[in-house]
Amino acid sequence: MKHHEEKITQAALIIKKAHRMTAASGAGISAESGIPTFRDPGGIWDHMDMLEVGTASGFVNAIERNAETLFPLFINILDAFQYAEPNPGHMALSDMEKMGILKTIITQNVDNLHQEAGNTNVVEVHGNVFRSRCINCSHRVTVDRKIYIRELKEKIDRLMSFNLENLLSLVMICDKCGSMMRPDVVMFGEQVHDLQNAFEAARNCDVMIILGTSGVVYPAAYFPVEAKQNGAKIIVINPTVNAFVRESDIYIPMKTGEALPAILNLIRN
Ligand code: APR
Ligand code: ZN
C-alpha cells in the first residue's frame, strides 16, 4: 500500500471535510467477503451466459433446458452468499456513517452485506436476494440470510431431479394472497428500484466514492456523472481502471477492503 499512501491521504482529506458523502458500490466491495463478481476473470458471467440467465424469462428457460449444468453453479453462489461476512471495506463504510460523514450508499449489490455491516441508509437499485416479492400482490417478506440459504440448500438436497416443476417447489408462497413469490431482485430488462432516491443521493452529495464497480450497467453508471455535474468530488477505488477513473479527482488502484480502512484510520486521527 506504500505506493498509494499519498492518494489515501488525499482521499482522507477530502472525505474528512465532506458534509454529505454518498458511496456507490458494486460487486467488487463484496469480493473480499468471498462473493464472486460478475465480470472479473472467473466471475459469474464467465460461467453463465448473462443474456441467457440474466432475464426472468431466460432464467426459467435456462433451468428448463439445462438445470443439471446450471444448478451446481447456483449452489456455488449460494455457498458464497451463505458464508459471506461483511469485510473491512463494508465495516469502514459503517463507521463513516456513524461518524456522520457517509449519508447514503447506493448499491448494485443484492447481498445485504452493507446492512449487516451496520449501514442504515442503503439504496438497493438492483434489489435484495433475501427479500421475496409476491408476483401478484407485491407483498414483500425479508428473511434471515443464513437461515434462508441453509433451508433452501436442504430443500435442494431433497430434490430427486432438477426439473422446473421440482424447482418451483422451492419458491415461497405469499401469505397474503397465496400466489408465488420471487426474489426481489432486478433482472435485465426490469425496472430498477428506488431510482429517485438514488439520483437524489447522487445530486445532493459533495463527495461521491465509487467502490468496486465496472460501471458498465445503466442506469447505475449515471450516478457518478450526476454527482460530478452537481459539483461533487469523485473518488474511485478499484484495482482495475473502470469507466469513472477519467472523471475522478482521485483514483486509488486498490482493493476496497484495504483502502477504506486505511482512509478511515487517517480520518479518525
Ligand atoms: N475491491 C474493489 N474493487 C474490486 C475488488 C476489490 N477487492 N475486486 C474486484 N473489484 C472490481 C473489479 O475490478 C470490477 O471493476 O469490482 C468490479 C466488479 O465489476 P462487475 O463484476 O461488473 O460488478 P458490478 O459493476 O457490480 O456489476 C453491475 O451488472 O450483471 C449486473 O446486476 C449485475 O449488479 C450487477 C451489475
Ligand atoms: Zn400476494
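Calculation criteria
- Residues numbered from 1 in each chain as written.
- Chains lettered and ligands numbered in written order.
- Predicted model: local features only at pLDDT ≥ 70, side-chain atom pairs only at ≥ 80, totals over all residues.
- Heavy atoms only, no water.
- Helix = DSSP H or I, 4+ residues; strand = E, 2+ residues; numbered from the N terminus.
- Rg over C-alpha atoms; globule rule 2.2 N^0.38 Å.
- Buried < 20%, exposed > 50% of the residue type's maximum accessible area, 1.4 Å probe, protein only.
- Donors = N, O, S within 2.8 Å, 3.2 Å for Na, K, Ca; no water.
- Tetrahedral: all angles 85-135°; square planar, octahedral: opposite > 155°, others 65-115°.
- Contact = heavy atoms within 4.5 Å.
- Domains from an automatic or database assignment.
- Salt bridge = Lys/Arg side-chain N within 4 Å of Asp/Glu carboxyl O.
- Polar contact = N/O pair within 3.5 Å; in protein donor to acceptor, adjacent residues only side chain to side chain.
- Nonpolar A, V, L, I, M, F, W, Y, C, P; charged D, E, K, R; others polar.
- Core = buried A, V, L, I, M, F, W, Y, C linked by side-chain atoms within 4.5 Å.
- Phe/Tyr/Trp six-rings, centres within 6.5 Å; stacked < 30°, edge-to-face > 60°.

Engineer: Quick rundown of the overall build of the chain? Include the residues and the values.
Structural biologist: From N to C terminus, the chain includes twelve helices and nine strands. Here the chain has a C-alpha radius of gyration of 19 Å; the compact-globule value for 269 residues is 18 Å, and the two agree. Overall size of the chain, expressed as C-alpha extent along the three principal axes, is 55 × 35 × 30 Å. By residue count, 52% of the 269 residues in the chain fall in the buried class.

Engineer: I'd love a proper account of the coordination of the zinc ion (ligand 2), names of residues and values included.
Structural biologist: Taken together, Cys134 (SG), Cys137 (SG), Cys174 (SG) and Cys177 (SG) make up the protein donors of the zinc ion (ligand 2), found 2.2 to 2.3 Å from the metal. Coordination geometry of the zinc ion (ligand 2): the four donor atoms subtend angles of 98 to 121° at the metal centre, consistent with an arrangement described as tetrahedral. All donors of the zinc ion (ligand 2) come from a single chain, and their spacing in sequence reads C-x2-C-x36-C-x2-C. On the criterion of sequence distance, the pair formed by Cys137 in the loop between strand E4 (127–134) and strand E5 (140–142) and Cys174 in the loop between helix H9 (164–168) and strand E6 (181–185) is long-range, its members being 37 residues apart. The exposure class assigned to Cys137 is partly exposed, which follows from its relative accessible area of 36%. The class for Cys174 is buried, based on a relative accessible area of 3%.

Engineer: Provide a residue-level description of the side chain of Glu124, including the pertinent values.
Structural biologist: Structurally, Glu124 can be placed in strand E3 (residues 122–124). The contact partners of Glu124, leaving out residues within four places of it in the chain, are Thr107, Gln115, Arg131 and His193.

Engineer: Could you give me a rundown of the domain arrangement of the chain, with the residues and numbers involved?
Structural biologist: In terms of domain boundaries, the chain breaks down into domain 1 (2–34 + 85–126 + 192–268) and domain 2 (44–83 + 135–185). When each unit is reduced to the centre of its C-alpha atoms, the spacing between domain 1 and domain 2 is 29 Å. With eight residues of domain 1 in contact, the opposing surface of domain 2 contributes seven residues. Put simply, domain 1 and domain 2 have two salt bridges between them. Between Lys146 and Glu85 there is a salt bridge, with the nearest N and O atoms lying 2.6 Å from each other. Where domain 1 meets domain 2, there are two residue pairs in polar contact (both at pLDDT 80 or more). Of the residues in the side of domain 1 that touches domain 2, the class split is two nonpolar, three polar and three charged.

Engineer: Any chance you could break down the side chain of Asn112 for me, citing the residues and the numbers?
Structural biologist: Examined against the element boundaries, Asn112 turns out to sit in the loop between strand E2 (102–107) and helix H7 (113–117). We classify Asn112 as buried; its relative accessible area is 18%. For Asn112, the side chain forms a polar contact with the side chain of Glu116, separated by 2.9 Å. Each residue touching Asn112, except ones within four places of it in the same chain, is listed here: Asn128 and Phe130.

Engineer: Explain the nonpolar core to me, using residue names and the numbers behind them.
Structural biologist: Grouped together as the largest cluster of nonpolar side chains are 30 residues, with contacts concentrated most on Met48, Ile63, Leu70, Phe71, Phe81, Leu167 and Leu170. Elements represented by at least two residues in this core include exactly helix H5 (56–83), E4, helix H8 (145–158) and H9. For this core, the element with the most residues is H5, which contributes eleven residues. Other than its neighbours up to four places away in sequence, Phe71 contacts Ile63, Ile156, Phe162, Leu167 and Leu170. Core analysis: the next-biggest nonpolar cluster, separate from the first, contains 29 residues, Ala11, Leu93, Met96 and Leu264 among them.

Engineer: Which residues make up the environment of Pro88, and what are the values?
Structural biologist: On the secondary structure map, Pro88 appears in helix H6 (residues 88–98). Of the residues examined, Pro88 reaches a relative accessible area of 48% and is grouped as partly exposed. Each C-alpha atom, one on Pro88 and one on Phe38, is 21 Å from the other, the two residues being 50 residues apart in sequence. Leaving out residues up to four positions away in the same chain, Pro88 has contacts with Gly257 and Pro261.

Engineer: Residues and numbers for the packing of aromatic side chains, please.
Structural biologist: The description of an aromatic ring pair uses the distance of the two centres, along with the angle that the planes make with each other. Going through the model one piece at a time under the given rule, you end up with nine aromatic pairs. For the pair Phe59 and Phe74, a centre-to-centre distance of 5.3 Å together with 35° between the ring planes defines the contact as tilted. Owing to a relative accessible area of 30%, Phe59 belongs among the partly exposed residues under this scheme. Classification of Phe74 by relative accessible area gives buried; the value is 15%. Geometrically, the ring pair formed by Phe71 and Phe74 is edge-to-face, given 5.5 Å between the ring centres and 80° between the ring planes. Taken as a pair, Phe71 and Phe74 lie in helix H5 at a separation of three residues, close to a single helical turn. Taken together, Phe59, Phe71, Phe74 and Phe162 form an aromatic cluster joined through their ring pairs.

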